[in-house]
Amino acid sequence: MTTQYQNIILEQRGEGIYLLTVNRPRQLNALSADTICELAEAISVVKADKQARVLLFTGAGEKAFIAGADINQFKGLSPLGARELGYAGQGVGSSLESLGIPVVAVVNGFALGGGCELAMACDWIIASDNAKFSQPEINLGIMPAFGGSQRLMRLVGKAMAMELCLTGRMIDAEEAKQLGLVNHVYAATDLMGEAMKLAATLAQKAPVASKFIKKVLQDGQNMSLSDACTLEVELFSQCFTTADQEEGVLAFLEKRKATFKGI
Ligand code: COA
């Protein structure tokens, strides 16, 4: 199944594996308002598919993941329009975050501004060795608005988020990994192969437990330790309502690989 949009490509690459690609390589995949709308639409398509198991998010071409919001749309933009744009971008970030399946950003080049922000809204980031990250909005006299200031702070700490947002400094993939922004760095030619291997692994895990793990790590960030631990044990107990829990335990005891069905 391949759904064709104007500025993005949503395709299925194997059972339960979706690949979402921003497809404006000549503009380094900059996010126009239309592109943001299409992303929101595509994510809702994935959300509606009960067989979806994992979403990979990347950019077309060899140079960029996403080089930020499309700067052309900033000229003459009213404060009201800016607010709408910010909320639209934040909406895409939130929908990636709240999708009940693992979402991995596959960063294959520049991840700047809104690009870095949407990558951070994914569950984790893998990157090519030529990837570059920055929040350069300060150089345009503006600031992050797709949730980036807050997600960056949660990922790398307040002081480093301050430095990166206030200087707009561009960091390479290795530094991004050291800071905890990126989980793994691969040679550019290996990145998509590694992403597909990861997707195949994730697609075979128990879907309900995956959803609960994602929820507790996501929601737990904004809870007290004790409330988050209560949520953890509640979700753990709900795992025991699933056939997949029985299958997982039985498969271990029978020394075979479990086959999970998402029920
Ligand atoms: N919005 C709109 N167009 C963009 C863009 C953006 N965020 N980023 C790149 N482009 C366009 C360029 O204008 C250029 O278009 P053109 O060929 O019609 O002139 C094309 O993409 C290629 O970019 P170019 O600047 O020529 O490539 P480069 O290798 O010299 O530089 C960057 C790459 C990423 C360093 C540079 O494009 C850049 O700084 N982009 C803006 C990044 C930014 O500030 N993003 C945050 C926005 S809030």
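Above this text sits the structure in question.
Residues numbered from 1 in each chain as written. Predicted model: local features only at pLDDT ≥ 70, side-chain atom pairs only at ≥ 80, totals over all residues. Heavy atoms only, no water.

Draft legend 1. Layout of the nonpolar core. Counting residues in each nonpolar core, the largest one holds 46 residues, and the members touching the most others are L20, L39, L55, F57, V107 and F133. It is helix α1 (residues 33-48) that provides the largest number of residues to this core, a total of five residues. Here V107 is in contact with F65, A119, I125, I126, A127, S128, A131, F133 and L191, once residues within four sequence places are set aside. Core analysis: the next-biggest nonpolar cluster, separate from the first, contains twelve residues, I17, L56, V106 and A195 among them. (Core = buried A, V, L, I, M, F, W, Y, C linked by side-chain atoms within 4.5 Å. Buried < 20%, exposed > 50% of the residue type's maximum accessible area, 1.4 Å probe, protein only. Helix = DSSP H or I, 4+ residues; strand = E, 2+ residues; numbered from the N terminus. Contact = heavy atoms within 4.5 Å.)

Draft legend 2. How the structure looks around the environment of Q90. Topologically, Q90 is positioned in helix α2 (residues 79-98). Among all residues touching Q90, those that are not within four sequence positions of it are A145, F146 and G147. Here A145 takes part through its backbone oxygen, which lies 3.0 Å from a polar atom of the side chain of Q90. (Polar contact = N/O pair within 3.5 Å; in protein donor to acceptor, adjacent residues only side chain to side chain.)

Draft legend 3. Summary view of the site of the ligand. Of all residues adjacent to the ligand, which total 16 residues, the nearest are K63, A67, A69, D70 and I71. Note that an oxygen atom of the ligand is positioned 2.7 Å from one of the side-chain N or O atoms of K63. Separating a nitrogen atom of the ligand from a backbone N or O atom of I71 is a distance of 2.9 Å. When the ligand is considered free in solution it has 860 Å² of accessible area, and contact with the protein chains removes 56% of it. Split by residue class, the shell around the ligand holds ten nonpolar, two polar and four charged. (Near = heavy atom within 4 Å. Areas by Shrake-Rupley, 256 points an atom, 1.4 Å probe, with all protein chains shown as cover. Nonpolar A, V, L, I, M, F, W, Y, C, P; charged D, E, K, R; others polar.)

Draft legend 4. View of the side chain of T242. As for its placement among the helices and strands, T242 is situated in the loop between α9 (225-239) and α10 (243-253). At 2.7 Å, the side chain of T242 forms a polar contact with the backbone oxygen of C239. Non-local contacts of T242, meaning those with residues more than four positions away in its chain, are made with V208 and I263.

Draft legend 5. Geometry of the packing of α1 against α2. Two numbers describe how α1 lies on α2: the axes approach to 10 Å, and their chain directions differ by 25 degrees. By the criterion of interaxial angle, the relationship of α1 to α2 is roughly parallel. Both α1 and α2 take part in a crossing whose hand is left-handed. In contact with I36, L39, A40 and I43 of α1, α2 contributes L85, A88, G89, V92, S95 and L96. Across the contact of α1 with α2, the residue classes tally to eight nonpolar, two polar and no charged. (Axes fitted to C-alpha atoms, helices over the stretch in contact; angles between N-to-C directions. Parallel < 35°, antiparallel > 145°, perpendicular 65-115°, else oblique. Left-handed = near helix turned anticlockwise from the far one by under 90°.)

Any functional reading would require information beyond the geometric quantities listed.
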